[in-house]
Amino acid sequence: MSRLVISSHKPDKEGNVVRVTPQSAGWKYIGFEVYILQKGQKLRKETVNQEACLVLLSGKANVFTQYGQWKNIGERMSVFEKIPPYSVYVSSGDFYEVEAVTNLELAVCLAPGKGTYSARLISPSEIEVEIRGAGNIERRVHNILPEQKQADSLLVVEVFTPEGNWSSYPPHKHDQDNLPHESYLEETYYHKINPEHGFAIQRVYTDDRSLDETMVVKNGDVVLVPKGYHPVAAPPGYEVYYLNVMAGPVRTWKFHNDPDHEWVMGSRLAAKHSSSI
């Protein structure tokens, strides 16, 4: 298996099914964890020097921090309901306790924090829903924690790719600290497949092909993107969901499209425009 794919496992005693740390990934900024909690089960963690974005992927929960508490939050019972999720931002120097009101799938997105912002609820009504691309590169995007919203490091977004479509396309990268043209951001993809016995395809490659891996991705897999372009394909018959976490030295998303494939976006948008006349 590729070193860029981290597969889920059965829940441990805390409910953890997958974990990425800066040390395990060999990078500096991103940590990512997923927990499957049974009804009534609790999870408590100190944030220490990291900020966290708790994303309720499915199910309902009570969430407590030093600076706030939010009870019975959560609406969707599956990510494929395509309802924007409830999330909670938690600053560094705080703690969070999550109590599962129903069976719960919880993502914990982590990056370096400075304690700038207090804990807060991110409700579905606050999340911008965007249809990005056109034709067979159209996908649905939920901007959970974009750069316009307050955080020290984290950028968090979820994407729904219809069957037979591509996303993160045209292939783009953000691996150069070269602002204002391109920002350096590490990135994780947490994939869910519907039906769950299906698969997705993800390629991660650099211009010089020193990194060039094409991976079969299963339900519950995390893909690491330390550098390079990283498109995703959903096979016919299978919807693909992924939760993206990005972080780097500057909290901004400035990307560079692969010049060999950038023309595709223009052709799809032109076709969409002509068909709507």
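Reading the values: the criteria
Residues numbered from 1 in each chain as written. Predicted model: local features only at pLDDT ≥ 70, side-chain atom pairs only at ≥ 80, totals over all residues. Heavy atoms only, no water. Pairing = 2+ DSSP bridges. Helix = DSSP H or I, 4+ residues; strand = E, 2+ residues; numbered from the N terminus. Salt bridge = Lys/Arg side-chain N within 4 Å of Asp/Glu carboxyl O. Buried < 20%, exposed > 50% of the residue type's maximum accessible area, 1.4 Å probe, protein only. Core = buried A, V, L, I, M, F, W, Y, C linked by side-chain atoms within 4.5 Å. Contact = heavy atoms within 4.5 Å.

A. Expanded view of the sheet that holds strand E20 (residues 199-205). The strand order across the open sheet built from four strands is E15-E23-E20-E21, with neighbouring strands paired in antiparallel fashion. Whereas interior strands pair on both sides, the edge strands pair on one side only; in this sheet they are strand E15 (166-167) and strand E21 (212-218). Note: E20 against E21, seven bridges, orientation antiparallel. Residue Phe199 lies in a different strand from E21, and its bridge partner there is Lys218.

B. Expanded view of the pattern of salt bridges. Inspection of the entire model under this criterion finds 14 salt bridges. Where Arg19 meets Glu14, a salt bridge forms, and the shortest distance between an N and an O atom there is 3.9 Å. Since its relative accessible area comes to 34%, Arg19 is described here as partly exposed. The exposure class assigned to Glu14 is partly exposed, which follows from its relative accessible area of 27%. Between Glu130 and Arg132 there is a salt bridge, with the nearest N and O atoms lying 3.0 Å from each other. Here the salt bridges share partners, and the residues they tie into one network are Glu14, Arg19, Glu33 and Lys45.

C. Region of the structure containing the nonpolar core. In terms of nonpolar packing, the biggest core is built from 52 residues, with Phe32, Cys53, Cys109, Val156 and Leu243 touching the most fellow members. Of the residues forming this core, the biggest block, six residues, is contributed by strand E24 (residues 239-247). Once you skip the residues sitting within four places of it in the chain, Cys53 turns out to touch Ser87, Val88, Ala107, Val108, Cys109, Ile122, Ile144, Leu145, Leu154 and Val156. Counting residues in each nonpolar core, the second largest holds 20 residues, with Leu43, Leu54, Leu56 and Val90 among its members.

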